[in-house]
Amino acid sequence: MKFTGLTPEEVEESRQQYGANVLTQIPPDPLWKKIMEGFKDPMIMILLVAMAVQLILFFLKQAEWFEPVGILIAIMIANGVSSVSESRQEGKASALKAEEEARETAKVVRGGKLLEIPVGEVVTGDIVYLQAGDKIAADGEIVGGAVMVDQAALNGETEEAEKTELPDGESYNVKDLLNRYYAYRGTVVCGGEAYMKVKVVGDRTLFGELALEVQENTRETPLQVKLHDLANKISMFGYIGASAIVVGILAKSLLGGNVPDNFYGWVRLILDAVTVAVTIIVCAVPEGLPMLTSILLSFQSLRMAKDNVLVRKINGLETAGSLSLLYSDKTGTITEGRLSVTELATGDGKTFAAIADTSAAFAEELTIGLGVNNSAAVSDGNIIGGNSTDRAVMSYLFKAGLTDRVPELKNGVKAFRAFDSNKKSSSVTVARENGTFTYVKGAPERLLVRCGHYLSADDTVQPMPDQKIMQDYLDAQSARSMRLLAVARTEGESDEGELTLVCLLSIRDNVRKEAVSAIQEVRNAGIQVVMITGDRKETAVAIAKESGLVSSPDDVALTSAEVGAKTDDELKEVLPRLRVVSRALPADKSRLVRVAQELNRVVGMTGDGVNDSPALKKADVGFAMGSGTEVAKEAGDITILDDNFSSIEKAILYGRTMFKSIRKFLIFQLTVNVAAVLTCFIGPLLGENVVMTVIQLLLINLAMDTLAAIAFGSEPARPEYMREPPVPRSASIVSKDMLIQIVISALYITCLCLSILFFPPLRALFGDVDTTYLKSALFATFMMSITFNGFNARTEHLNPFHEIGRNRNFLLVMGSIFALQFVFVTFGGAALSVEPLSAASWLLCAFLSFLVIPIDVVRKLVTGKHA
């Protein structure tokens, strides 16, 4: 061994001077901090103010103790569910990461001995011994030997890079991943043996720099923006509504001649007016909304785990539903991520999809030329060892059932020459019954010019036809993004001289079959998909055409250099037509995300390598691949466990389902709130100071908020959501159509309830009863009306019962509300200011309440807003 390495003293000195080989990791926030951060949510802040006011009223003996307690419970459930869920998901991810790091070791030379140590103990100046299968522990220069390295973790591509000893007088650029003399942390050795002198460790490695970059703060999610806007509107509505109610009650008292005659009378009047105002405003706040979002995020996360989607950051799910632009990695996401042989061609231009279509003798020639001349091997049905090309051709033989012959044929091997980068080929000399032959496997441009004959599929040697046939075939396959491999043979033990062509193999990282349909689904959903790859432009465009990304002459494909040559404004102009970015660098990805966000697009990014991590972090939602690096997973919001584009489609569908459920809940809840506010505001102006008591309103609020959150949180994912355009980031969470629906339903419920008290013909239908009985009927009608309106809110279809069986929780909750309302009215007595209703009154209330459903059907028909 020509290297002695560092002494223990030098190791410690290096660690003190240059630091340890560990990556700085900002720990996740503890659970208590997540809960405290949750109180900054604008909806939670409104609830806190409402609770504080209720506490003041309680101490003034103007409210019951359970009123502020009820709001506190709603706050704690809403804040706690999401915080606990996110903390658990982070805990799972951290445990997986710690387990993986504990298994990582490196072989170093110290004091003249080869030692195996944990990766974290490697220091600057160490001599690391590299063998096939090793993950490189730090950045450093090759000082002996040569290796082939898979750098997909850094550049996302399957093509391996050669790393060899630096010749005297040569130099290189450390930032150029394709340089031949410098190896990088996180990359994997595929073949060969070498010694590397560590130059930098930890955060100063390229891997470490990228890992640090991903730990930036990200902008608000689209839902957070929309909820913040809604909270501001509710606050404004509350201020205006409270002022109007106080002024209205005071004006009614003054104009009606009920002017207080002393100071305490004025205090009492003002306090009563403020109490009614605060009660109504508390009803105007949808306490169940934060709870619903928490329940939805947690429930949907559990559902998605069954579809190979792990939601690591809970807000990533709702953001996925708002995507308008998705930057997707090519390798392993749109393509399979591994090389496969797609076609075999003989020297006369004939092509074969399978080896079985040729003769047995020809198959024997292939077995030697591809299987014996190969560094990969078959073990228990798995292809191991070798480089990606070796594994691809060995897999081709394995599928044809020919690999069982390889060990026997290898017994005749007289010489094996590994891949020579100068010759662009490898060769093997084999002794056979009819003589000794040398089989050469390598680059077609090097071997074809030496071929004077070719072997036909029936195993006869034929003169080589016009070279143009083969050249046209090569050009056609290259246009299809194929990587071509030639196999030839010659008699004797030398791999020089004239050759006989056995075949040409077309090898490619194939497009996933399911990715084509998934991409189409995502595009049908109005989401622009842009493929970003480190591959050359021609290959990238061919893959994009095959996958359906490029389908129009107006579609644009740019190289990294072309992207860099454009200003941000020029890039924004071309962005809507952009479909492919080739030869992409990490900086390109981050820039593309930033530019799209400046156009107010909601941006998604997929990736698996460290090179993808900054862009994954910067994007509104990052989809990290399950087979990717830990840094990428840490940067992403959602991990796609099966690396499949179709799973991204499912994540988008679940995100849209969640957003739809929130909107459905808001239609339901805001109808309740608007109807309650209008009923309690107009009632005193018509002569009845208390239409519904504070306790009745609180029961309505708690029942509708909590139970409805469960009902709408259980809505199933519907494929029809993927046929709608994405909701813009700046759009209000309450759309114009939603507002119309809320206003119409709320006005009907308000008019119906007030008519029970103030419209004589309707009052008469209840018989000769007192005001308490009528208020009981009003309370029952109000609760039944809003319950029936839940069927209107849950679907945009003309039929309000469309697919109702798919959400059994909804039926259970609505049935529970009907039952609770019967119990409240029948047994509430003086505590709820009610008295039992007759069967005829119940039927009348139910009929009048049910009319809210046909009224909404008419609205859908008139406006044409139905599915």
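Higher on the page you've got the structure.
Presented here is a report on the structure given in the accompanying data block. (Residues numbered from 1 in each chain as written. Predicted model: local features only at pLDDT ≥ 70, side-chain atom pairs only at ≥ 80, totals over all residues. Heavy atoms only, no water.)

1. Details of the overall build of the chain
Each helix and strand in the chain was counted, giving 31 helices and 26 strands. Taking contacts inside the chain between residues at least 6 apart in sequence as the whole, the part at least 24 apart equals 72%. On the chain, roughly 36,500 Å² of surface is accessible, and the fraction owed to carbon and sulfur atoms is 58%. (Helix = DSSP H or I, 4+ residues; strand = E, 2+ residues; numbered from the N terminus. Contact = heavy atoms within 4.5 Å. Areas by Shrake-Rupley, 256 points an atom, 1.4 Å probe, with all protein chains shown as cover.)

2. Side note on helix H27 (residues 771-793)
Between the first and last C-alpha of H27 there are 32 Å, a value that for 23 residues agrees with the 33 Å anticipated at 1.5 Å per step. Counting buried positions over the 23 residues of H27 gives 21, a clear majority of the element. (Expected span 1.5 Å × (residues − 1). Buried < 20%, exposed > 50% of the residue type's maximum accessible area, 1.4 Å probe, protein only.)

3. A closer look at the environment of Met-531
Note that Met-531 resides in strand S21 (residues 528-532). With relative accessibility at 0%, the residue Met-531 sits in the buried group. Put simply, Met-531 and Leu-549 are 18 residues apart on the chain and 7.9 Å apart in space, counted from C-alpha to C-alpha. Residues contacting Met-531, with those up to four places away along its chain left out, are Ser-328, Lys-330, Ile-334, Ala-540, Ile-543, Ala-544, Leu-549, Arg-579, Val-580 and Val-581.

4. Examining the side chain of Asn-644
Among the secondary structure elements, Asn-644 is positioned in the loop between strand S26 (638-640) and helix H23 (645-685). At a separation of 2.5 Å, a polar atom in the side chain of Asn-644 contacts the side chain of Glu-514. Setting aside residues up to four positions removed in sequence, Asn-644 forms contacts with Thr-333, Arg-512 and Glu-514. (Polar contact = N/O pair within 3.5 Å; in protein donor to acceptor, adjacent residues only side chain to side chain.)

5. Things to note about H23
Given a rise of 1.5 Å per residue, 41 residues ought to cover 60 Å, and the 60 Å separating the end C-alpha atoms of H23 matches this to within 8%. Along H23, 35 of the 41 residues are buried, which leaves the element largely enclosed by surrounding structure.

6. A word on the packing of helix H25 (residues 736-758) against H27
Where H25 meets H27, the axes come as close as 9 Å, and the angle between the chain directions of the two elements is 160°. With respect to their mutual orientation, H25 and H27 come out roughly antiparallel. Both H25 and H27 take part in a crossing whose hand is right-handed. Listed contacts from H27 to Gln-741, Ser-745, Ile-749, Leu-752, Cys-753, Ile-756 and Leu-757 of H25 are Thr-771, Leu-774, Lys-775, Ala-777, Leu-778, Thr-781, Phe-782, Ser-785, Ile-786, Asn-789, Asn-792 and Ala-793. Split into classes, the residues belonging to the contact of H25 with H27 amount to 11 nonpolar, seven polar and one charged. (Axes fitted to C-alpha atoms, helices over the stretch in contact; angles between N-to-C directions. Parallel < 35°, antiparallel > 145°, perpendicular 65-115°, else oblique. Left-handed = near helix turned anticlockwise from the far one by under 90°. Nonpolar A, V, L, I, M, F, W, Y, C, P; charged D, E, K, R; others polar.)

7. Focus on the pattern of salt bridges
What the rule picks out here adds up to 33 salt bridges. Ionic pairing is found between Glu-796 and Lys-660, a salt bridge with its closest N-O pair at 3.0 Å. Placement of the pair is Glu-796 in the loop between H27 and helix H28 (808-827) and Lys-660 in helix H23, with a sequence separation of 136 residues. Residue class for Glu-796 comes out partly exposed when judged on its relative accessible area of 45%. The network of salt bridges with shared partners includes Lys-664, Glu-715, Arg-718, Arg-794, Glu-803 and Arg-806. (Salt bridge = Lys/Arg side-chain N within 4 Å of Asp/Glu carboxyl O.)

8. Re the packing of aromatic side chains
If you walk through the whole model with that rule in mind, you get 13 aromatic pairs. Consider the rings of Phe-791 and Phe-810, whose centres lie 5.2 Å apart with planes at 85°: the pair is edge-to-face. Taken together, the residues span a long stretch of sequence, with Phe-791 in helix H27 and Phe-810 in helix H28 at a distance of 19 residues. Note on Phe-791: relative accessible area 9%, which makes it buried. Phe-810 gets classed as buried once you look at its relative accessible area, which sits at 0%. Among the aromatic side chains, those forming a connected cluster through ring pairs are Phe-665, Phe-668, Phe-712, Phe-791, Phe-801 and Phe-810. If you follow Arg-794 out to its NZ or CZ, it ends over the ring of Phe-810, 5.8 Å from the centre. (Phe/Tyr/Trp six-rings, centres within 6.5 Å; stacked < 30°, edge-to-face > 60°. Lys NZ or Arg CZ within 6 Å of the ring centre and 35° of its normal.)

9. Regarding the sheet that holds S21
Pairing within the open sheet is mixed, and its eight strands lie in the order S8-S26-S25-S24-S9-S21-S23-S22. For this open sheet the edge positions go to strand S8 (309-311) and strand S22 (556-559), each flanked by a neighbour on one side alone. Neighbour to neighbour, the strand axes of the sheet diverge by 20° on average, direction disregarded. Pairing of S21 with strand S23 (residues 578-582), which is carried by two bridges, proceeds in the parallel orientation. (Pairing = 2+ DSSP bridges.)

10. Some remarks on the packing of H23 against H25
Following both chains from N to C, one finds H23 and H25 inclined at 35°, their axes separated by 8 Å at the closest point. In the crossing of H23 with H25, the sense of the turn from one axis to the other is right-handed. Facing H23, whose interface residues are Arg-663, Leu-666, Ile-667, Leu-670, Thr-671, Val-674, Ala-675, Leu-678, Thr-679, Ile-682 and Gly-683, H25 presents Met-738, Gln-741, Ile-742, Ser-745, Ala-746, Leu-747, Ile-749, Thr-750, Cys-753, Leu-754 and Phe-758. Grouping the constituent residues of the contact of H23 with H25 by class yields 15 nonpolar, six polar and one charged.

11. Things to note about the environment of Leu-653
Position of Leu-653 among the secondary structure elements: in helix H23. Residue classification places Leu-653 among the buried positions, given a relative accessible area of 16%. Considered as a pair, Leu-653 and Ala-525 are 128 residues apart in the sequence and their alpha carbons are 9.5 Å apart. Residues within four places of Leu-653 in sequence aside, it is in contact with Ala-717, Arg-718, Pro-719, Tyr-721 and Met-722.

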